Amino acid sequence: MTTTAQPVRTAVLEASGIEKSYRHGLRHRQNVLRGADITLLPGEVVGLVGENGSGKSTLMKILVGALRPDAGTVSIAGRLGYCPQEPVYYERLTCDEHFELFGRAYRMSQEAERRSRRELYAALGFERYASTRADQLSGGTLAKLNLGLALLADPEVLLLDEPYAGFDWDTYLRFWDLVARRREQGRSVLIISHFVADEERFDRIVHLRDGRT
Ligand SMILES: Nc1ncnc2c1ncn2[C@@H]1O[C@H](COP(=O)(O)OP(=O)(O)OP(=O)(O)O)[C@@H](O)[C@H]1O
Ligand SMILES: [Mg+2]
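It should be emphasised that the depicted structure is a prediction, and the values quoted were computed from it without experimental measurement. (Residues numbered from 1 in each chain as written. Chains lettered and ligands numbered in written order. Predicted model: local features only at pLDDT ≥ 70, side-chain atom pairs only at ≥ 80, totals over all residues. Heavy atoms only, no water.)

## Concerning the pattern of salt bridges
Now for step 1: Across all of its chains, the model carries 12 salt bridges by this definition.
Now for step 2: Residues Glu156 and Arg79 are paired through a salt bridge, measuring 3.2 Å at the closest nitrogen-oxygen approach. Of the two residues, Glu156 is situated in the loop between helix H4 (139-151) and strand E6 (157-161) and Arg79 in the loop between strand E4 (71-76) and strand E5 (80-83); the sequence distance between them amounts to 77 residues.
Now for step 3: Since its relative accessible area comes to 41%, Arg79 is described here as partly exposed. (Salt bridge = Lys/Arg side-chain N within 4 Å of Asp/Glu carboxyl O. Helix = DSSP H or I, 4+ residues; strand = E, 2+ residues; numbered from the N terminus. Buried < 20%, exposed > 50% of the residue type's maximum accessible area, 1.4 Å probe, protein only.)

## Description of the pairing of E6
Now for step 1: The buried fraction of E6 is high, at 5 of 5 residues.
Now for step 2: Judged by which residues are buried, E6 turns out to be covered on both faces: Val157, Leu159 and Asp161 on one side and Leu158 and Leu160 on the other are all buried.
Now for step 3: One ladder, built from 5 bridges, connects E6 with strand E7 (residues 188-192); its direction is parallel. Across the sheet, Leu160 pairs through a bridge with Ile191, a residue of E7.
Now for step 4: Between E6 and its parallel partner E7, the chain crosses via helix H5 (residues 169-184), and the hand of that crossover is right-handed. (Pairing = 2+ DSSP bridges. Right-handed = clockwise from strand over helix to strand, strands pointing away.)

## A closer look at the packing of helix H2 (residues 95-105) against helix H3 (residues 110-124)
Now for step 1: Taken N-terminus to C-terminus, the directions of H2 and H3 make an angle of 135°; their axes are 10 Å apart at the nearest point. Considering the angle they form, H2 stands oblique to H3. Pair H2 / H3 crosses with right-handed handedness. Residues Cys95, Asp96, Phe99, Glu100 and Gly103 of H2 form the contact with H3, whose participating residues are Glu113, Arg117, Leu120 and Tyr121. (Axes fitted to C-alpha atoms, helices over the stretch in contact; angles between N-to-C directions. Parallel < 35°, antiparallel > 145°, perpendicular 65-115°, else oblique. Left-handed = near helix turned anticlockwise from the far one by under 90°. Contact = heavy atoms within 4.5 Å.)

## Things to note about the sheet that holds strand E1 (residues 13-24)
Now for step 1: The sheet built from 3 strands is open, its strands ordered E2-E1-E4 with antiparallel pairing. What marks the edges here is a single partner per strand, and that holds for strand E2 (28-40) and E4. Averaged over all adjacent pairs, the angle separating strand axes in this sheet is 25°, with direction ignored.
Now for step 2: Sheet strands in contact with helix H1 (residues 56-64) are E1, E2 and E4, and its direction is about 120° off that of E1.

## A short note on the nonpolar core
Now for step 1: In this structure, Phe175, Trp176 and Ile191 are the most contacted members of the largest nonpolar core, which totals 32 residues.
Now for step 2: Going through the elements one at a time, H2, H3, H4, E6, H5 and E7 are the ones with two or more residues in this core.
Now for step 3: Residue contributions to this core peak at 7 residues, all from H4.
Now for step 4: A domain-level breakdown of this core finds at least three residues from each of domain 1 (10-78 + 157-213) and domain 2 (83-155).
Now for step 5: Leaving out residues up to four positions away in the same chain, Trp176 has contacts with Val45, Tyr164, Ile191, Asp198, Arg201 and Phe202.
Now for step 6: Counting 22 residues, the second-largest nonpolar core is a separate cluster that includes Leu33, Ala36, Ile62 and Leu208. (Core = buried A, V, L, I, M, F, W, Y, C linked by side-chain atoms within 4.5 Å. Domains from an automatic or database assignment.)

## Description of the site of ligand 1
Now for step 1: Looking at ligand 1, there are 15 residues lining it, with Gln30, Gly53, Lys56, Ser57 and Thr58 nearest.
Now for step 2: Between an oxygen atom of ligand 1 and a side-chain N or O atom of Thr58, the distance comes to 2.6 Å.
Now for step 3: His194 places a polar side-chain atom, nitrogen or oxygen, 3.3 Å from an oxygen atom of ligand 1.
Now for step 4: Across the complex, the protein chains shield 65% of the 640 Å² of accessible surface that ligand 1 would expose by itself.
Now for step 5: Within the residue set of the shell around ligand 1, elements represented by two or more residues are E1, E2 and H1.
Now for step 6: The biggest single contributor to the shell around ligand 1 is H1, with 3 residues. (Near = heavy atom within 4 Å. Polar contact = N/O pair within 3.5 Å; in protein donor to acceptor, adjacent residues only side chain to side chain. Areas by Shrake-Rupley, 256 points an atom, 1.4 Å probe, with all protein chains shown as cover.)

## Details of H4
Now for step 1: With 13 residues, H4 should cover 18 Å at 1.5 Å per step; its first-to-last C-alpha distance of 19 Å lies within 8% of that length.
Now for step 2: Buried residues dominate H4, accounting for 12 of its 13 residues.
Now for step 3: For H4, every residue scored as buried is listed here: Gly140, Thr141, Leu142, Ala143, Lys144, Leu145, Asn146, Leu147, Gly148, Leu149, Ala150 and Leu151.
Now for step 4: On its buried face, H4 is in contact with E5, H2, H3, E6 and H5. (Expected span 1.5 Å × (residues − 1).)

Here is the structure:
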């Protein structure tokens, strides 16, 4: 028997034993997550699948720290980008103003923010909406803006909750080009997806069932 030495790659995201229940009224408690584990290695593109209501978004909210788990641990190495299932935006701000605001929050230099913004407009094809207010954007363009904001600071770990649900075919293909480039750069991406047809685009698929992965 021969063994080949595998280079040791340290996980950029590691979550274990995640439990979460929601309370419905006084008596009823719904156990959504019952000890879910998930690991992301550098340069890995992982799909998180499971039926509606299986707890995928709940798990992702816990991973980004937006929701506190009842039990379990999460550790993340490096910068984090997150794109929620429902776009979050400021109605009165234009796309450009969103990028400026997020660039400041990420403490990016003005030059770095502008460069990244230009690349994202080109990669996702929505430059012509740069000066449009968010409340006047279509659902698909809002989804592009949210994805762009998650990518602005070039995060090591990118978590996307059904990012391409509202994308047209051309944007869908651009999206996967962008993900492939991140993989080449050693960046990691976790994507919640429903389409089994996408299976070959992932390095690994994690199934969430009965609260466990
Ligand atoms: N804030 C909340 N309060 C109470 N129950 C909730 C809350 N958020 C989610 N749930 C319940 O927890 C379960 C899991 O919801 P979650 O949104 O995590 O599922 P999902 O796998 O992302 O589903 P989908 O594929 O429809 O997006 C569902 O039964 C949902 O009704
Ligand atoms: Mg969901």
